[in-house]
Number of protein chains: 2
Amino acid sequence: MGRLATMTRQATENAAGAAPVPAAARLSATEAAARIAAGDLTAAALAEACIARTLARDDAVRAWTVFEPGMVRRQAAERDAGTPLGPLHGVPVGIKDILFTRDLPTTYNSPHFQSHHPNVDAAVVALLRAAGAIVFGKNDTVEFAVNGRRARTRNPHDPGRTPGGSSSGSAAAVADFQVPLSIGTQTGGSVIRPASYCGVYAMKPTWNAVSAEGMKTCAPSIDTIGWYARSAEDIALLCDVFSITGDGRSAPASLDGASIAICRSPVWDKAEPEAREALERCTLLLEAAGARVETLDLPDRFDGLTDAHKVIMQCEMRSTFLPEYAALGDALYAELVATMRNEAGYTSADLRGAYELAAECRARFDAVAEGYDAVVTPSTAGIAPKGLDDTGAATFNRIWTLLHTPCVNVPGLSGPGGMPVGLTVTGPRFSDRRVVAVAEMLGACIRHRSTASPDHQQPE
Amino acid sequence: MGRLATMTRQATENAAGAAPVPAAARLSATEAAARIAAGDLTAAALAEACIARTLARDDAVRAWTVFEPGMVRRQAAERDAGTPLGPLHGVPVGIKDILFTRDLPTTYNSPHFQSHHPNVDAAVVALLRAAGAIVFGKNDTVEFAVNGRRARTRNPHDPGRTPGGSSSGSAAAVADFQVPLSIGTQTGGSVIRPASYCGVYAMKPTWNAVSAEGMKTCAPSIDTIGWYARSAEDIALLCDVFSITGDGRSAPASLDGASIAICRSPVWDKAEPEAREALERCTLLLEAAGARVETLDLPDRFDGLTDAHKVIMQCEMRSTFLPEYAALGDALYAELVATMRNEAGYTSADLRGAYELAAECRARFDAVAEGYDAVVTPSTAGIAPKGLDDTGAATFNRIWTLLHTPCVNVPGLSGPGGMPVGLTVTGPRFSDRRVVAVAEMLGACIRHRSTASPDHQQPE
């Protein structure tokens, strides 16, 4: 435990840069929307705070591929002049640049799509607008949210480190107080990993909880829309906006008496000291809070899920990227060309086997996870790697993406240099609301521990 | 067998209306592309033939929501002036109006989307253009390809009957010689059913064989892009264009010695006399051709697939139509509103159970179907119903859509009044090329029989 500390909110703000954060930009979406609804804050003032923060920090963080303050101001003025549209009225949201936005380009951070501008909104964007949100800009991403060109985005906690990928800009923008909310996507570990590295909450809901229409399709059987926030309450707010109702089983009233499984997962051998310590710390905190904590070892069959994920993703991409390959051929980045040529030699039998293992393990995981209020597992192997080329590995995320389970990253712990390391709360498919509720309790527990025990606030 | 006859090509043309079909409009896509490549036909001349046929027949058939001859002519002129792009150079293709086309509106045949015009191409449209095809127009569809407003399209064989749905216009336009090829989509029975009713070939490939990006998403785990043609050769040509390579196991060289399973399917009790007779006729023809024909009875577990399909489709639609529901609410058609409100009361346990049954049966069907060269099953319960309100039932298609198996409708048989009734050739997932090859043999066998035995050319 020598390397791990408890990250405080103040620490996050300090790490995020020397410039002071405008007061309105510190607000959560829930707080901001409440103040706007009460007439205590205008959408314009909130937008200006976020614009000011973004302009002050953009050279350092580079979270956006497309950002037009004038368009943000126009939307804010419309919100201030109009009747309340919904629970996000006037709240700025960042949109990953593989999701269509009718009023901004969608570049996929690809050199071949710099002037690509679909004139329709992705489903998730349409839902945000219907709830009153303001589209703040397009968040930088790894090319096509897969591989190839990296986002230019830096980790707000250390400009020499990656924010993770592929939803690099979405995570960094929220962590850096540039926007209270942002949207990402996950096919491997593209939502949860950046959240872990940047120290924010994030949710990858059950597969298809939010329609992926208008997202650059990668692997449709696992592509998942997700979102970032600085509080679990805001994560839940977006569940409301997206009509995610859960499975009807209620969350425990508190951690006292709750039944929590700690799952090291089949890739535990890849865990670095920070992830190991984070899971141990979490176990102690949960036990101290009165939870019944058990270790959940997944059956051997689950060991094959990482490979199955790779097979499914690579094989499905051969259909979904065929139009780009037909148009661009070898001008696409080398790894994508290799995928299109099936250089790995995957057969249809490999793909059927992967689908069958996934289906079997989905059912088995749901059944075992129903025995707990939630399951906690590492979000990443450790803290963000150095440099921007290596966006870290999806090792600890692939199996949950393939299992279609709801995952929430809980921030609050940090390793060497104050770099965040997250924990994932998960559960059976469709237990989204329970997972969010337990994530909120766990996050509060970590924060409370930091308040109660000052010796844990700094690296030991 | 008293009701069933063998449909001849001439019969189709006669049934399609009194106006003579221009010679070039009779060509298959394969024939037309070969002539264009050889310099024996221009794209412009082919386009004019299709335009003339369409204009002559549009009042009767009404296969299009959007049709602009000028745009077709411009594309044809570009093809004639340009270097050969691919195997569809200069060939007109109809596009179902739930698929994005950058140069034509995409109305979903919904009163709420009449001016909807996404400026990007669906993946399938981009692939067609890359192969040199000409986007001929948008084919009428049941609203959102689900329910609500019906296509205005009439069956080319009988204007008093439905062409089937939801890909109504796509099937009718090809059957009526207005275009050699068209694209449809299937979530229930929307590709195969209209093909059966209109007497044309059609393919619903293995799920995700063609990317569904740019299709109005309905139920992403089963939404499938499909296509129509007047020959099995043309069906195979589109497999080439879409890089569908199959599972590596070759098709039998001929029906002589081929192993074919006849599967009445779990919904056999819904089969009308025409479907029963078609399957019996098929059995006799296959046996006469030297095939080893066996009856395949699916296990009892497969009986649940029809309900499972319904649960999955309804539940997934609650995510995919949420943007439309957020924008339009009760202005949407009543059945869709009921789906969005979950008036059927489906639970997440229902949905998990449906997913698990589907996964189990996919594996089981693949395993048993590997024992044959192909499986033959009814395409529809019978011939097209009367009127345009009832587009027929997807009863015989739902389970194959849910099983993700490749399906090809084979035309050639007809019932009372010369109305077509089709047979489906299917097989394990990824056996697409083998299924097409067997469909071609079966189609030839039906045609040959009609030539050899004049007594089968007319209703007996």
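Reference entry: report on the structure contained in this document. In this text the structure is predicted, and so the values were computed from the model without any measurement.

How each quantity is defined
Residues numbered from 1 in each chain as written. Chains lettered and ligands numbered in written order. Predicted model: local features only at pLDDT ≥ 70, side-chain atom pairs only at ≥ 80, totals over all residues. Heavy atoms only, no water. Least-squares fit on C-alpha atoms with pLDDT ≥ 70 in both. Contact = heavy atoms within 4.5 Å. Phe/Tyr/Trp six-rings, centres within 6.5 Å; stacked < 30°, edge-to-face > 60°. Helix = DSSP H or I, 4+ residues; strand = E, 2+ residues; numbered from the N terminus. Buried < 20%, exposed > 50% of the residue type's maximum accessible area, 1.4 Å probe, protein only. Salt bridge = Lys/Arg side-chain N within 4 Å of Asp/Glu carboxyl O. Core = buried A, V, L, I, M, F, W, Y, C linked by side-chain atoms within 4.5 Å.

## A short note on the relation of the copies chain B and chain A
Applying a rotation about an axis and a shift along it to one chain copy brings it onto the other copy.
Working step 1: Between the two copies, chain B and chain A, the superposition gives an RMSD of 0.0 Å; the rotation angle is 180 degrees and the shift along the axis is 0.0 Å. Both copies of the chain, as the preceding transformation shows, are related through a two-fold rotation axis.
Working step 2: Here 100% of the interface residues in chain B have copies in chain A that are interface residues too; the copies meet face to matching face.

## What to know about the packing of aromatic side chains
All names here are of chain A.
Working step 1: Inspection of the entire model under this criterion finds 18 aromatic pairs over all chains.
Working step 2: Ring centres of Phe 365 and Trp 400 lie 5.2 Å apart, and the angle between their planes is 65 degrees; this geometry places the pair in the edge-to-face category. Taken together, the positions of Phe 365 in helix H14 (residues 348-369) and Trp 400 in helix H15 (residues 398-403) put the pair 35 residues apart, joining distant regions of the chain.
Working step 3: Judged by its relative accessible area of 0%, Phe 365 is buried.

## Remarks on the environment of B:Ile225
Working step 1: The topology assignment puts B:Ile225 in strand E7 (residues 224-229).
Working step 2: Setting aside anything within four residues of it in sequence, one finds B:Ile225 in contact with B:Leu99, B:Val124, B:Ile183, B:Gly184, B:Thr185, B:Pro205, B:Val210, B:Ser211, B:Ala212 and B:Met215.

## Considering the pattern of salt bridges
Working step 1: Inspection of every chain in the model, using the stated rule, returns 48 salt bridges over all chains.
Working step 2: A:Asp97 serves as the salt-bridge partner of A:Lys138, at 3.4 Å between the closest nitrogen and oxygen. Here A:Asp97 lies in the loop between strand E3 (92-96) and helix H6 (123-130) and A:Lys138 lies in strand E4 (residues 134-139), a separation of 41 residues in the sequence. This pair shows no difference in class: A:Lys138 is buried, exactly as A:Asp97 is.
Working step 3: Of the charged contacts, one joins B:Glu343 and B:Arg341 as a salt bridge, the two residues approaching to 3.6 Å between their closest N and O atoms.
Working step 4: Note on B:Glu343: relative accessible area 54%, which makes it exposed.
Working step 5: Here the salt bridges do not stand alone but share partners, grouping A:Asp247, A:Arg249, A:Asp366, A:Glu370, A:Asp373, A:Arg429, A:Arg434, B:Arg352 and B:Glu356 into one network.

## Here we look at the side chain of A:Thr141
Working step 1: Tracing the chain through its elements places A:Thr141 in the loop between E4 and helix H7 (168-175).
Working step 2: Beyond its immediate stretch of four places on either side in the chain, A:Thr141 contacts A:Lys96, A:Asp97, A:Ile98, A:Tyr108, A:Asn109, A:Arg149, A:Arg150, A:Ala151 and A:Ser166.

## What about the nonpolar core?
Working step 1: Judged by nonpolar contacts, the single largest core of 310 residues is most densely connected at A:Phe242 and B:Phe242.
Working step 2: With sequence-adjacent residues up to four places away left out, A:Phe242 is seen in contact with A:Val124, A:Leu127, A:Leu128, A:Ile183, A:Ala209, A:Val210, A:Trp227 and B:Leu322.

In short, shape yes, function no, at least from these values alone.
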